[in-house]
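Architecture and fold: a report
Residues per chain are reported as follows:
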Amino acid sequence: QVQLVESGGGLVQAGGSLRLSCAASGSTYSMYAMGWFRQAPGKEREFVAAISWSGGSLYYRDSAKGRFTISRDNAKNTVDLQMNNLKPEDTALYYCAARRTRHATMTPADYDYWGQGTQVTVSS
């Protein structure tokens, strides 16, 4: 069992930056692939970024490429999402998720554990 707690969300103006962090506890975190997903009101949960257990494989949604960076620190049991040049369309509740394999995917249904989410609001 893995417990995930997100932090770092907030209100920012368009063009600004935020750094989300996810702290994991309860199991062998370093063996898990990790992902960030988001869900805006009235929309389905969508993939944002993911990272393999080793950190050697990274995945991003197209709109995040060049603006967002996912990273992990297995010694600290954390995974971060650095978000730069934020846009109003990035506004959503952002979730951290863990997958009980070493390989990350972009599909929410493939992830086994989820945090409660942290709100990101980007004003225009």
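Analysis parameters
Residues numbered from 1 in each chain as written. Predicted model: local features only at pLDDT ≥ 70, side-chain atom pairs only at ≥ 80, totals over all residues. Heavy atoms only, no water. Core = buried A, V, L, I, M, F, W, Y, C linked by side-chain atoms within 4.5 Å. Buried < 20%, exposed > 50% of the residue type's maximum accessible area, 1.4 Å probe, protein only. Helix = DSSP H or I, 4+ residues; strand = E, 2+ residues; numbered from the N terminus. Disulfide = S-S within 2.5 Å. Phe/Tyr/Trp six-rings, centres within 6.5 Å; stacked < 30°, edge-to-face > 60°. Lys NZ or Arg CZ within 6 Å of the ring centre and 35° of its normal.

What follows deals with the nonpolar core. Ranked by internal contacts, the top residues of the largest apolar core, which has 29 residues, are Leu4, Met34, Trp36, Leu81, Met83 and Tyr94. Counting residues per element, the ones that place at least two in this core are β3 (18-25), β4 (33-39), β5 (46-51), β7 (68-73), β8 (78-83), β9 (92-99) and β11 (118-123).

To continue, consider the state of the cysteines. By the definition in use, this model includes 1 disulfide. Cys22 shares a disulfide with Cys96; S-S distance 2.1 Å. The sign of the -75 degrees torsion about the S-S bond sets the Cys22-Cys96 disulfide as left-handed. Within this pair, whereas Cys22 is found in strand β3, its partner Cys96 is found in strand β9, the two being separated by 74 residues in sequence. For the pair Cys22 and Cys96, a shared accessibility class is recorded, and that class is buried.

What follows concerns the packing of aromatic side chains. Under the criterion given, the structure shown has 6 aromatic pairs. Taken together, a centroid distance of 6.2 Å and an interplanar angle of 5 degrees make the contact between Tyr32 and Tyr113 stacked. In this pair, Tyr32 sits in the loop between β3 and β4 while Tyr113 sits in strand β10 (residues 113-114), placing the two residues 81 residues apart along the sequence. The burial state of Tyr32 is the same as that of Tyr113; both residues are buried. Ring geometry for Tyr95 and Trp114: centres 6.3 Å apart, planes at 80 degrees, overall edge-to-face. Residue Tyr95 is found in strand β9, and its partner Trp114 is found in strand β10; the two are separated by 19 residues along the sequence. Classification of Tyr95 as buried rests on a relative accessible area of 11%. Of the residues examined, Trp114 reaches a relative accessible area of 26% and is grouped as partly exposed. Here a set of aromatic residues connected by ring pairs shows up, and it is made of Phe37, Phe47, Tyr95, Tyr111 and Trp114. Looking at Arg45, its charged tip hangs above the ring of Tyr95, at a distance of 3.8 Å from the centre. Over the aromatic face of Trp53 sits the side chain of Arg102, whose NZ or CZ is 4.4 Å from the ring centroid.

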